[in-house]
Amino acid sequence: MLLTLLVFLPAFAGLLILLLPAERAGYSRWLALLGSLVALAISIGMFFDFQTGGGFQFVDRASWIDVGSFEIQYFLAVDGLSMPLVVLTTFLTAAAVLVSFSIEHRPRAYFACLMVLSTAVLGVFTAMDFLLFFLFWELELFPMYLLISVWGSGRREYSAMKFVLYTVAGSAFMLVAILALAFSAGTFDMEVLGTSTITTAVLPLGWVFLFLFIGFAVKLPIVPLHTWLPDAHSDAPTAVSVMLAGVLLKMGGYAIIRTCVTILPDQANDYGIWLAAIGSISVLYGAFVTFRQTDVKRLIAYSSVSHMGLVLLGIGALGTTAMVGAAYQMLAHGLITGMLFVVVGLMYERTHTREIGRLGGLARQMPLIATGLVFAGFASVGLPSLAGFIAEITVFLGAFQKHEWAVIMAIFGVVLSAGYILWTLQRVVFGPVRHEWDEADDQKHWWEHASVIGLAALVILLGVYPSLIMDMLDPAIGVVSARVAG
């Protein structure tokens, strides 16, 4: 029951927060921090207890609903692909709580929504019954909508509704595909589906693959299904941007590997070249559009589109090395972009602007924030010895033999990304000093430093000791690639 405890602990903490009396609302942040830290401790313990190459572990399984000939199960488990993502989710949840400590508007509801969001994402990464997976997938819509529309800024209602509409539209395609697979195989069990050979379905299997892919590509997101992301990031609170970029986008990449590639390997072979092409186009498009951004958060959002294109490129190669690189890129991007949004959020709290043209010389006025921004920017560029470099080079090495042209396009996109990140750092951190920020103080609270230092430490750890994750990913991805190879 350890995995069940981990998944539902944040939601239980959220329930306790809602039950706090109004005069005790200030305790909600501490209760959320306690719940997130306990969940993080459990996930780290599971990570080190995980037996590499041992298949699905920490299994919680029970009969849930009998519908005709179908037995819908409560089935949670993790393998080498999902275990690192579970740890990433709990770590970023704790970081998101820390950077939200200064929230004063309806803190009980805010932290409760954040905790429910964490449970939904953990459920997606651990659910092994397709219907249970879909329920967790949809559960994150409610807290995300509230977090953006109530605590966001700018066109927050518009951005929140756009996020919901895109996700619901993608989920409609996904549900059709899930039902088609279940009716054909007679089960919603993703472990059974992942080892079965499905040759016929109530829909052509190519359509089933495409419908699943559309649902997951919206969340990844890839061009042209990405337009909700910059709006959501621009108007979301800092902690929500951290969760959105850090783990919600990873739901799409994880689900493509777990379902599209594993359950429908023949169709994955057929569509592999298209996945690689779309991935490389996303890398280039995100890089080019980023140059036109004047808002730092929108710039990071479009850079996420570019980096998630690398994930799709690695998946499209369908080899062990490339898909391990794609999974590593999800982890590295989650940490690096999470750190970028934390630092930009702290900068916004001091200056009340994200316009690049209004910022400059922050290295002299806010040295700690400036240092964090430079570090995260270099990590995003892919500086050697940091996590982003390991992820990108693994994707390129794994995909080059199969899709040379796509890798060359993506490398050009990475060069462009280095250009826009360095250009932004030059203007914001090292540009002419703006004396209107002379009184800004970047040493206000310990919790802000804790979140930044923790994220930076993990970025360095995964950059200098990649085998910590690679040894776990490789056997799980090897099973998937062997299935695709036939």
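Caption draft 1: How the structure looks around the overall build of the protein. A tally of regular secondary structure across the protein gives 20 helices and two strands. For the protein, whose C-alpha radius of gyration is 21 Å, the value lies close to the compact-globule estimate of 23 Å for 486 residues. Within the protein, buried positions represent 63% of all 486 residues. Pairs at least 24 apart in sequence give 81% of the contacts found in the protein among residues at least 6 apart. Total accessible area on the protein stands at roughly 17400 Å², and carbon and sulfur atoms take up 66% of it. Within the protein, the 30 negative side-chain charges are centred at a point lying 9 Å from the centre of the 23 positive side-chain charges.

Caption draft 2: Focus on the pairing of strand E2 (residues 70-78). Burial runs high along E2: eight of the nine residues are buried. Relative to E2, strand E1 (residues 57-67) runs antiparallel, the two being bridged by eight bridges. Bridging from a neighbouring strand, Val67 pairs with Phe70 of E2.

Caption draft 3: Summary view of the confidence of the model for the protein. On average, the protein scores 90 in pLDDT, and the residues at 70 or more come to 98%. At the level of individual helices and strands, the protein shows its lowest average pLDDT in helix H15 (residues 362-365), which scores 80, and its highest in helix H4 (residues 107-126), which scores 96.

Caption draft 4: Fine view of the layout of surface pockets. Estimates place the volume of the largest pocket at around 470 Å³. Forming the walls of the largest pocket are 24 residues, and the residues nearest its centre are Ile103, Trp151, Pro237, Thr238 and Tyr348. Counting residues per element, the lining of the largest pocket draws most heavily on helix H14 (residues 320-351), which supplies four residues. Taken together, the residues that form the lining of the largest pocket break down as ten nonpolar, eight polar and six charged. The wall of the second largest pocket is formed by 21 residues, among which Phe56, Asp79, Arg258, Ala476 and Val479 lie closest to the centre. Where the lining of the second largest pocket is concerned, the elements lending two or more residues are helix H8 (190-193), helix H11 (238-263) and helix H20 (467-485). Sort the elements by how many residues they give to the lining of the second largest pocket and H20 lands first, with six residues. Along the lines of polarity and charge, the residues of the lining of the second largest pocket split into ten nonpolar, seven polar and four charged.

Caption draft 5: Quick peek at the packing of helix H3 (residues 82-99) against H14. At a closest axis distance of 11 Å, the pairing of H3 and H14 adopts a crossing angle of 5°. On the basis of their axis angle, the class for H3 and H14 is roughly parallel. Listed contacts from H14 to Pro84, Leu85, Leu88, Phe91, Leu92 and Val99 of H3 are Met330, Leu331, Gly334, Leu335, Val342 and Glu349. Residues of the contact of H3 with H14, tallied by class, amount to ten nonpolar, one polar and one charged.

Caption draft 6: Fine view of helix H12 (residues 265-290). With 26 residues, H12 ought to run about 38 Å at 1.5 Å a step, and its terminal C-alpha atoms sit 35 Å apart, in line with that. Maximum bend of H12: about 55°, positioned at Tyr271.

Caption draft 7: Structural context of the nonpolar core. Phe130, Phe133 and Leu212 are the most contacted members of the largest nonpolar core, which totals 172 residues. A total of 18 residues in this core trace back to one element, the largest contributor, which is H14. Residues contacting Phe130, with those up to four places away along its chain left out, are Ile178, Leu181, Phe188, Met190, Leu193, Leu212, Thr259 and Ile263. In terms of nonpolar packing, the next biggest core, distinct from the first, is built from 13 residues, Val283, Leu313, Ala322 and Ala410 among them.

Caption draft 8: Representation of helix H6 (residues 141-151) within the structure. Taken residue by residue, H6 has Leu141, Pro143, Met144, Leu147, Ile148, Ser149 and Trp151 as its buried positions. On its buried side, H6 packs onto H4, helix H5 (130-139), helix H7 (156-185), helix H10 (228-235) and H11.

Caption draft 9: Seen up close, the side chain of Glu392. Take Glu392: it is sitting in helix H17 (residues 387-400). Look at Glu392: it is buried, it has no salt bridge, and the nearest opposite charge is Lys250 at 13 Å. Dropping the residues within four chain positions of it, Glu392 is found in contact with His307, Leu310, Gln329, Ser380, Val381, Gly382 and Val414.

Caption draft 10: Representation of the environment of Pro432 within the structure. Assignment of secondary structure puts Pro432 in the loop between helix H18 (404-428) and helix H19 (446-464). Sequence-wise, Pro432 and Gly360 are 72 residues apart; in three dimensions their C-alpha atoms are separated by 5.4 Å. If near-sequence neighbours (up to four positions away) are discounted, Pro432 is found in contact with Gly360 and Gly361.

Caption draft 11: Representation of the packing of aromatic side chains. Under the counting rule described, the total for this entry stands at 16 aromatic pairs. Seen in terms of ring centroids, Phe209 and Tyr271 are 4.9 Å apart; in terms of plane orientation they differ by 10°. Their pairing is stacked. Of this pair, Phe209 sits in helix H9 (residues 205-219) while Tyr271 sits in helix H12, and the two are 62 residues apart along the sequence. Using a relative accessible area of 1% as the deciding quantity, one classes Phe209 as buried. We classify Tyr271 as partly exposed; its relative accessible area is 23%. Both rings, one in Phe291 and one in Tyr420, keep their centres 5.8 Å apart while their planes meet at 90°; by these two values the pair is edge-to-face. With a gap of 129 residues between them, Phe291 in the loop between H12 and helix H13 (296-317) and Tyr420 in helix H18 connect regions that are remote in the sequence. Judged by its relative accessible area of 31%, Phe291 is partly exposed.

Caption draft 12: Geometry of the packing of H9 against H12. One can describe the packing of H9 onto H12 by two numbers: an axis separation of 10 Å at closest approach and a directional angle of 40°. Handedness of the crossing formed by H9 with H12: right-handed. Residues Leu205, Gly206, Phe209, Leu210 and Phe213 of H9 form the contact with H12, whose own contacting residues are Gln267, Ala268, Tyr271, Leu275 and Ile278. The class makeup of the residues in the contact of H9 with H12 is eight nonpolar, two polar and no charged.

Caption draft 13: Inspection of unusual backbone geometry at higher detail. Each neighbour pair has its own omega, and for Leu220 with Pro221 the value is -20°, a cis peptide bond. Here Pro221 lies in the loop between H9 and H10. A cis amide bond links Val223 to the next residue, Pro224, at an omega of 5°. By the secondary structure assignment, Pro224 is in the loop between H9 and H10.

Conventions and cut-offs
Residues numbered from 1 in each chain as written. Predicted model: local features only at pLDDT ≥ 70, side-chain atom pairs only at ≥ 80, totals over all residues. Heavy atoms only, no water. Helix = DSSP H or I, 4+ residues; strand = E, 2+ residues; numbered from the N terminus. Rg over C-alpha atoms; globule rule 2.2 N^0.38 Å. Buried < 20%, exposed > 50% of the residue type's maximum accessible area, 1.4 Å probe, protein only. Contact = heavy atoms within 4.5 Å. Areas by Shrake-Rupley, 256 points an atom, 1.4 Å probe, with all protein chains shown as cover. Lys, Arg positive; Asp, Glu negative; His and termini not counted. Charge placed at Lys NZ, Arg CZ, Asp CG, Glu CD. Pairing = 2+ DSSP bridges. pLDDT = per-residue confidence, 0-100. 1 Å grid on protein atoms, 1.4 Å probe; cavity = no way out; pocket = protein on both sides within 12 Å on 5 of 7 lines; lining within 4 Å. Points joined across faces, edges and corners; volume = space filled by probe spheres on them. Nonpolar A, V, L, I, M, F, W, Y, C, P; charged D, E, K, R; others polar. Axes fitted to C-alpha atoms, helices over the stretch in contact; angles between N-to-C directions. Parallel < 35°, antiparallel > 145°, perpendicular 65-115°, else oblique. Expected span 1.5 Å × (residues − 1). Bend = angle between axes of the 7 residues up to and from the residue. Core = buried A, V, L, I, M, F, W, Y, C linked by side-chain atoms within 4.5 Å. Salt bridge = Lys/Arg side-chain N within 4 Å of Asp/Glu carboxyl O. Phe/Tyr/Trp six-rings, centres within 6.5 Å; stacked < 30°, edge-to-face > 60°. Left-handed = near helix turned anticlockwise from the far one by under 90°.

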